[in-house]
Amino acid sequence: MTKTPPKGRKKPTTRYFDAAAVKSEDGEAKPAKLKRKHQQKFTGDFLKMQSHDKNKKLHNKKRPAATEHPKKQKIPQEVLDKYSRGDAVDSRGVKTRHFKEKQQRKEIYLEYATEQAARTELLLQETAGQLEADEEEITASYRQEEIAANVDLQSAAKHFRLKLDFGPYTMRYTKNGRHLLLGGRRGHVAAFDWVTKKLHCEFNVMESVSDVQWLHVPTMYAVAQKEWVYFYDKKGTELHCVKRLSRVNRLDFLPYHFLLAAGNSVGYASWLDVSIGELVGNFNTGLGDIRHMRHNPSNGVLCIGGGKGVVSMWSPKVREPLAKLLCHSTAMTALTVDPKGVHLVTAGLDRMVKVWDLRNLNETPLAIFRLRLPANEVEVSQRGMLALSQGTYLETYTDVLHGGGTANSNKLPYLRQRCDAFVHGMRFCPYEDVLGVSTANGFQSLLVPGSGEPNYDALEDNPYETSKQRREHEVHALLEKIPPELITLDPNEITGVDAPTLQEKVDAKRQLFHLKPPRINMKMRHKMKGRGGSAKAARNKQIVKDCSARSLFRRCARPSRASSPPTSMAMTATMCSRRQVGRPKRQNPYAPSWIALSPSPRKNRSPLIEYLIVVSFI
Amino acid sequence: MKVKMISRNPDNYVRETKLQQHKVPRNYDPALHPLEGAREYVRALNATKLDRVFAKPFVCNLSGHRDGVACFGKHPKLLSTLATGAYDGEVRIWDLANRTSVRSFVAHDGYVRGIAYARNGERLFTVGDDKTIKVWSSQAPDVGQEEEPVNTILSRHILHGISHNRKDNSFATCGEVCAIWDEKHNDPIKTLKWGVDTLHTISYNPVETNVLACCASDRSIILYDQREAQPLRKVVLTMKSNKLAWNPMEAFNFTVANEDCNLYTFDTRKLRTPLKVHFDHVSAVTDVDYAPTGQEFVSASYDKTVRIYNAHQSHSRDIYHTKRMQHVVCVAWSLDNRYIFSGSDEMNVRMWKANASEKLGIIRPRERANFNYQEALKEKYAAHPQIKRIARHRQVPRHVLNAQRKMRMVKDKELVKEANVRKHSKKGKVPFVSEKKKHVLREDV
């Protein structure tokens, strides 16, 4: 194309590649000026090969729409929040430019990782179950038979009832939700694949059975019998008799720590490491008969409900409770922790069911249900559905935080069920829409649409795992066994910066008063007459003593580096005795420890007050 | 009633035949992955332990020399070729892939002082104690023919080292003077002098190829520009520097191996204070060579060990030693950043992995991904005391341990003494001098 000449200038010279444009302007063909000699002999038509102008810069050119990549969909904020590990760390507190830039780059990566994780939601195959009532009906009015009649055959087969004679029963599902273990008070133990209804084993231990619990694989389980705890395998062979766990009432298993937690009838809480067969913690809680015990899946802390309406939280390496929570003014009848480890649900004889936020124990309950009868069992499903039973009657609510009962009578239960006998145990089956109920005379599997998580992660729990996969998974899980010292109220403590709190600093200062200088074994050199003398020797000795004491004080009083990570496991264990639990906040997992993080949740006092407190102690 | 329940079709979750991979549906919801921090910490701990378990850096031993190995020449084009010179004047060319010596010839009377390959790798220059520079072809002679140098240049001065320009056909030798030569001429183009009797080592800057650096026997490091008639600058340290290596990526920095057990990294623009002092050796450091990435360098020492340093850190990241390795004289980092060569007094050339726990051989993508993940974990949790302790732990020979203790004791004693002197003298009379500045005496321009 030809350039339009600016005013006052002559027309620019036409070059060979302008030929095509010239032609279109004048309407008649002009011979193109050819470059090379052999091209001049050419007697054919010219085809225009290059459609674009050579002079034009490449990046100015707009690409054809066909090759353009479709723009990435923007992810809604609530989905991003689900995958986010917390707010970004403010890099303002970082001292050097190098680390500041590093920190900012890291945040960009983390944001990208969150976004990528959120994008994988597109690949999830299943959707959650649901139950919608027709007009002028309520979901609570539907019977189990009606639901079973309206779902597909595979799901309908999940509704079944077992009439058993050795009740009352306790029950457990495996972590992947595939297998079921039943234990009858009068000695009956049965393990089976409840989906295919294939029985693994069934036998009577000829002793009372108080609780049963699967171990890390669905081939082994523990049974708390009259005197001791026994381990059996899938075929019912007795593997172990653990005599160090005696008169156990309640069993629980911490899958990532490989700890079998047991609470016994005289108030002892015990943690047995099933991979090495050692008791990692065993002490008297002073609570008396332990009847209600659940572990918090998000941090591994054991919640024990006492007779006085107090829930206390225990870690195997700390002999006093990490936290105590007064939930009811009367005795407790049941407690449970939701699978996400966010809510604690307690029920008491005061006929109330309360929901507590486990991350913020100082607050009042999030929700209160007032019932006509005290709830004797409560349970929360993966998607936050609450089930509670009162004797033979049980009902479920769609949301843990939806207050119900007589206090809020317009909140109707989601489903109701009246069992034929007293309900003694209840569990939601993981990754299924099923609630297992064990009663005084058997077991019922109830359909509760929308209760289970539809999409499992095969690297965590796989309902369809083969025996080879199971073995592989077992090895990996054993390699990643978390040491029991890391059981703390804040599960991310290990990734945080270990900045000592003011209390710890003051305590360390106070310790200095009780410091004993090491004894010095000094041998005075024998000196000639007139040179030595006991007074001189004593003085020299005192000087040496003072020097060593001073150096010791200096060494101990040196402010422990505020940013150093926990010095030992023991320290982590002591740190967890802090009562308050902050809101979950990413403590910058990637930051090197020497970065001083600006907003620390622990430092909530003003600097002046801190200073005054320190001064008052010194 | 509208009802839907979770009802999985097993076809979507179970593989059809044994020839297929197992189906592994993922769900990255954080709620399904509890205890992230603690599990990751345990993984990082395991990765660190595995790293130490697999830390077996020694690859092979190349034996053949009949006297101590004095110098190395890296081929600029071929990774599997290395030339070594010995104290008895013999030069050997090694095929590293097959771990054999493919050529050997006696090049000089007395020591071979330096070997340098030409830019294209077709010629090999050696200098020796017999005051000659010999030029050899990279091709081995035909069967039955004798090894003959392509050219022999008689120098008027003693020669101690040689370095070839990275970008043109000139090379430089040092000895009594620093001489710049052209490949085609038998006389030096230029000689540069700065009142020194001996220059031990010479090195061309790899990027700004007109700049040269020499270490002299009067404890100085001299910078030259080959376009100018006079040397540029000189910095004098407290003790003699043995070798000098330029950082190939940040070519304004260089590192010298010093007689006082330390290495010093200098910025050419600011010679008065070194950028970093690298400690940890317990005897004179004899040689230093940079990794092609410029991030790390390797040093050889008279204390019979080879140490690897991060260029920006003052303590070594790794130490290599064997029972049989004697005083290490020369060291080289291969140009693919994977291996380290060390030549020592007891006539052996050793080949080490640059990363002690690296797996050699073909690595499948899944394994590679796993290694990358472990690296990231190790870095993320590196500050945790347990992990740090395991990652830092090295078994060192007893004599090194004893020497370390002794050096620490001496250093402590000096510190105490200095503090006492300071306490009893007038304020400001005994100034605080940083460790960096202590070792640099002066800078001349």
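Residues numbered from 1 in each chain as written. Chains lettered and ligands numbered in written order. Predicted model: local features only at pLDDT ≥ 70, side-chain atom pairs only at ≥ 80, totals over all residues.

Brief notes about the overall build of chain A
The condition that has to hold: Under the DSSP-based scheme used, a helix requires at least four consecutive residues in state H or I and a strand at least two consecutive residues in state E, with every element numbered from the N terminus. Put simply, a residue is buried when 20 or more other C-beta atoms lie within 10 Å of its own C-beta and exposed when 12 or fewer do; between those, it is partly exposed, and each C-beta is set from the backbone. Here, residue contact means that the backbone-derived C-beta atoms of the two residues sit within 7 Å.
Counting its secondary structure elements, chain A contains 11 helices and 29 strands. Within chain A, the proportion of its 618 residues that are buried is 36%. For chain A, contacts bridging at least 24 residues in sequence account for 54% of all contacts bridging at least 6.

Comments concerning the overall build of chain B
Summing up its helical and strand segments, chain B has five helices and 30 strands in all. The principal-axis extents of the C-alpha atoms in chain B amount to approximately 105 × 80 × 40 Å. Residue pairs in contact within chain B that sit at least 24 positions apart in sequence constitute 47% of those at least 6 positions apart.

Observations regarding helix α4 (residues 398-423) of chain B
Since the α-helix advances by 3.6 residues per turn, residues separated by three or four positions end up pointing in the same direction. Put simply, the test is: Multiply 1.5 Å by the residue count of a helix minus one, and that product is the helix's expected span.
The end-to-end C-alpha separation of α4 of chain B is 37 Å, in line with the 38 Å expected for 26 residues at 1.5 Å each. Counting buried positions over the 26 residues of α4 of chain B gives one, only a small fraction of the element.

What to know about the UniProt feature "domain: Sof1-like protein" (unreviewed entry) in chain B
Here is the rule we go by: UniProt positions are given in the numbering used here, feature names are shortened, and annotations may be inferred rather than shown by experiment.
In the numbering used here, UniProt assigns the "domain: Sof1-like protein" (unreviewed entry) feature to residues 354-440 of chain B. Annotated as residues 354-440 of chain B, this span is 62% helix and 1% strand, and its ends, taken at the C-alpha atoms, are 31 Å apart.

Side note on the UniProt feature "repeat: WD" (unreviewed entry) in chain A
Here the UniProt-annotated "repeat: WD" (unreviewed entry) positions come out as residues 325-366 of chain A. Structurally, residues 325-366 of chain A comprises 0% helix and 48% strand, and the distance from its first C-alpha atom to its last is 14 Å.

Focus: the interface of chain A and chain B
Where we set the bar: Only Asp, Glu, Lys and Arg are considered charged, only Ala, Val, Leu, Ile, Met, Phe, Trp, Tyr, Cys and Pro nonpolar, and every remaining residue, Gly among them, polar. Two strands are counted as paired when DSSP detects at least two bridges linking them.
Tallying the contact residues gives 57 residues for chain A and 36 residues for chain B. Of all the secondary structure elements, the ones that give two or more residues to the side of chain A that touches chain B are α3 (77-83), β1 (130-132), α5 (144-150), α6 (153-156) and α7 (467-479) of chain A. Taken together, the residues that form the side of chain A that touches chain B break down as 26 nonpolar, 18 polar and 13 charged. Two strands pair when backbone bridges link them, and β1 of chain A and strand β1 (residues 2-4) of chain B are joined in this way by three bridges, in the antiparallel orientation. The residue bridging Gln130 of chain A from the neighbouring strand is Lys4 of chain B, located in β1 of chain B.

Here's the deal with the pairing of strand β26 (residues 415-418) of chain A
All names here are of chain A. Across the two faces of β26 the burial differs, with Leu415 and Gln417 buried and Arg416 and Arg418 not buried at all. Strand direction decides the pairing type here: strand β25 (residues 393-397) and β26, joined by four bridges, are antiparallel. Within β26, the residue paired with Thr396 across the bridge is Leu415.

Topic: the UniProt feature "repeat: WD" (unreviewed entry) in chain B
Residue and element names in this part refer to chain B. Sites flagged by UniProt as "repeat: WD" (unreviewed entry) map to residues 62-104, 105-137, 278-310 and 321-362. The distance from the first to the last C-alpha atom of residues 62-104 is 13 Å, and the span holds 0% helix and 58% strand. Taken as a whole, residues 278-310 contains 0% helix and 55% strand, while its terminal C-alpha atoms sit 9 Å from one another.

As for unusual backbone geometry
Note the cis peptide between Gly167 of chain A and Pro168 of chain A, where omega equals -10 degrees. Position of Pro168 of chain A among the secondary structure elements: in the loop between β2 (160-163) and β3 (169-173). With a phi angle near 70 degrees, Arg219 of chain B is a residue other than glycine that sits in the positive phi range. Its identity as a non-glycine residue notwithstanding, Lys304 of chain B has a phi of 70 degrees, on the positive side. For Lys304 of chain B, the position within the fold is in the loop between β24 (296-301) and β25 (306-310).

Quick word on the sheet that holds strand β29 (residues 348-353) of chain B
Residues and elements named next belong to chain B. This is how it is decided: Whenever a helix is involved, its axis is fitted only over the stretch in contact; in every case the axis is a line through C-alpha atoms, and angles between N-to-C directions fall within 0 to 180 degrees.
Spatial ordering of the open sheet is given by β2-β29-β28-β27, a layout of four strands whose pairing is antiparallel. The open sheet terminates on both sides in strands that have one partner only, identified here as β2 (58-63) and β27 (328-333). The sheet shows a mean angle of 20 degrees between the axes of neighbouring strands, direction not considered. Bridging between β27 and strand β28 (residues 339-344) involves five bridges; their strand directions are antiparallel. Residue pairing for β28: Ala332 is matched across the bridge by Phe341.

Quick look at the environment of Arg291 of chain A
All names here are of chain A. By the secondary structure assignment, Arg291 is in the loop between β14 (278-284) and β15 (292-295). On the basis of neighbour counts, which here come to 19 C-beta atoms within 10 Å, the residue Arg291 falls in the partly exposed class. Distance in space between the C-alpha atoms of Arg291 and Pro218 is 25 Å, their sequence separation being 73 residues.

Overview of the UniProt feature "domain: BING4 C-terminal" (unreviewed entry) in chain A
In the UniProt entry, the feature "domain: BING4 C-terminal" (unreviewed entry) is given for residues 413-491 of chain A. Helix and strand shares over residues 413-491 of chain A are 16% and 28% respectively, and the end C-alpha atoms of the span are 34 Å apart.

Notes on the sheet that holds strand β8 (residues 123-128) of chain B
Residue and element names in this part refer to chain B. Read across the open sheet, the four strands follow the order β7-β8-β9-β10; overall the sheet is antiparallel. Since the sheet does not close on itself, it has two edges, and those belong to β7 (112-117) and β10 (151-154), each with one partner. Mean inter-strand twist for the sheet, computed between neighbouring axes without regard to direction, equals 20 degrees. In the sheet, β8 pairs with strand β9 (residues 132-137) via five bridges, with the strands oriented antiparallel. Along β9, the bridge assignment pairs Arg123 with Ser137.

Structural notes on the environment of Leu45 of chain B
Relative to the helices and strands, Leu45 of chain B is located in helix α1 (residues 36-53). Each C-alpha atom, one on Leu45 of chain B and one on Tyr381 of chain B, is 8.3 Å from the other, the two residues being 336 residues apart in sequence.

Remarks on the pairing of β3 of chain A
Residue and element names in this part refer to chain A. Of all five residues in β3, five are buried; the element is thus mostly enclosed. Relative to strand β4 (residues 179-184), β3 runs antiparallel, the two sharing five bridges. Looking at β4, one finds that Tyr169 is bridged to Gly184. Count of turn residues in the β3/β4 antiparallel hairpin: five residues, of which Gly177 carries a positive phi of about 75 degrees.

Observations concerning the confidence of the model for chain A
All names here are of chain A. Filter applied, for reference: Residue-level confidence of the predictor is summarised by pLDDT, bounded by 0 at the bottom and 100 at the top.
Mean pLDDT for chain A: 82, with 78% of residues reaching 70 or above. The model gives residues 21-25 a pLDDT under 50, and that stretch makes seven contacts with residues more than four places away or in other chains. Within the model, pLDDT remains below 50 along residues 561-618, and this stretch shows 100 contacts once partners closer than five positions in the same chain are excluded.

Regarding the packing of α1 of chain B against helix α3 (residues 385-392) of chain B
Residues and elements named next belong to chain B. Rule in force here: Angle categories: roughly parallel below 35 degrees, roughly antiparallel above 145, roughly perpendicular from 65 to 115, and oblique for all the rest.
At their nearest, the axes of α1 and α3 sit 9 Å apart, and the two run at 10 degrees to each other. When the interaxial angle is binned, α1 and α3 end up roughly parallel. Judged by residue contacts, Ala44, Leu45, Thr48, Lys49 and Arg52 of α1 engage Gln386, Ile387, Ile390 and Ala391 from α3. Grouping the amino acids of the contact of α1 with α3 by side-chain chemistry returns five nonpolar, two polar and two charged.

A look at the confidence of the model for chain B
Looking at chain B, the pLDDT average stands at 94 and 100% of residues meet or exceed 70. Scoring of the predicted complex yields 0.83 for pTM and 0.84 for ipTM.

As for the packing of α1 of chain B against helix α2 (residues 365-380) of chain B
Residue and element names in this part refer to chain B. At their nearest, the axes of α1 and α2 sit 9 Å apart, and the two run at 105 degrees to each other. With respect to α2, the axis of α1 lies roughly perpendicular. In contact with Glu40, Arg43, Ala44, Ala47, Thr48 and Asp51 of α1, α2 contributes Gln374, Leu377, Lys378 and Lys380. Tallied by class, residues from the contact of α1 with α2 come to three nonpolar, two polar and five charged.

Comments concerning the environment of Thr132 of chain B
Its location among the elements puts Thr132 of chain B in strand β9. It is 11 Å that separates the C-alpha atoms of Thr132 of chain B and Gly161 of chain B, two residues lying 29 residues apart in sequence.

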